[in-house]
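Listed below are the residues making up each chain.
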Amino acid sequence: MTDITIYHNPQCGTSRNTLAMIRNSGVEPRVIDYLKSPPDRATLQALIAATGQPVIEVVRRKEAAFTELGLDAPGTTDEQLIDAMLAHPILINRPLVVTPLGTRLCRPSERVLDILPAPQQGAFTKEDGQTVVNAQGQRVD
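Residues numbered from 1 in each chain as written. Predicted model: local features only at pLDDT ≥ 70, side-chain atom pairs only at ≥ 80, totals over all residues. Heavy atoms only, no water.

**Q** So what exactly am I meant to see when it comes to the pattern of salt bridges here?
**A** Any two side chains of opposite charge can pair, so long as their charged atoms come close to each other. Under the counting rule described, the total for this entry stands at 9 salt bridges. Close ionic contact of Glu28 with Arg23 constitutes a salt bridge, the shortest N to O distance being 2.9 Å. Of the residues examined, Glu28 reaches a relative accessible area of 46% and is grouped as partly exposed. Across the pair Asp141 and Arg139 runs a salt bridge whose closest N-O atoms are separated by 3.9 Å. Taking the relative accessible area as the measure of exposure, Asp141 reaches 90% and is therefore exposed. Accessibility expressed as a relative area gives 37% for Arg139, which makes it partly exposed. One connected set of salt bridges, linked through shared partners, spans Arg41, Glu79 and Asp83. (Salt bridge = Lys/Arg side-chain N within 4 Å of Asp/Glu carboxyl O. Buried < 20%, exposed > 50% of the residue type's maximum accessible area, 1.4 Å probe, protein only.)

**Q** What's the story with the nonpolar core in this structure? I'm lost.
**A** One recurring pattern in soluble globular proteins is that nonpolar side chains are buried together. Within the largest apolar cluster, 20 residues are counted, with the highest numbers of intra-cluster contacts made by Ile48, Met85, Leu91 and Leu96. The element best represented in this core is helix H4 (residues 78-87), accounting for 4 residues. In contact with Ile48, not counting residues within four places along its chain, are Gln53, Val55, Val58, Ile82 and Met85. (Core = buried A, V, L, I, M, F, W, Y, C linked by side-chain atoms within 4.5 Å. Helix = DSSP H or I, 4+ residues; strand = E, 2+ residues; numbered from the N terminus. Contact = heavy atoms within 4.5 Å.)

Here you go:
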């Protein structure tokens, strides 16, 4: 049983990198493919609140649906944004990670290092070739 959960999109490089860093700490997280199993309203609201970020920061604004649905219009409410994310889970920004040390939207992926209870067990290089953890398991800035 793990105490780390990642809301994951396997098509997203940032999400894949984040998952790999969690695993590099020696933990197999609970992986939720949120496009196939989206959170319900209460869970989504709790996740957003736990990040400490405004709702708009957890919306994937680069998705075409964001503008197609008029979510970029002035005066769009948090409830409208949440309704849109529930109806179109692709609008949920990813990856969201929950650990005993906090909940984060891990963009960039190395933000997950701030909330992992266990240290990295070795070097880690992101898919784009950027080294974020050295051979001693220490973060590279």
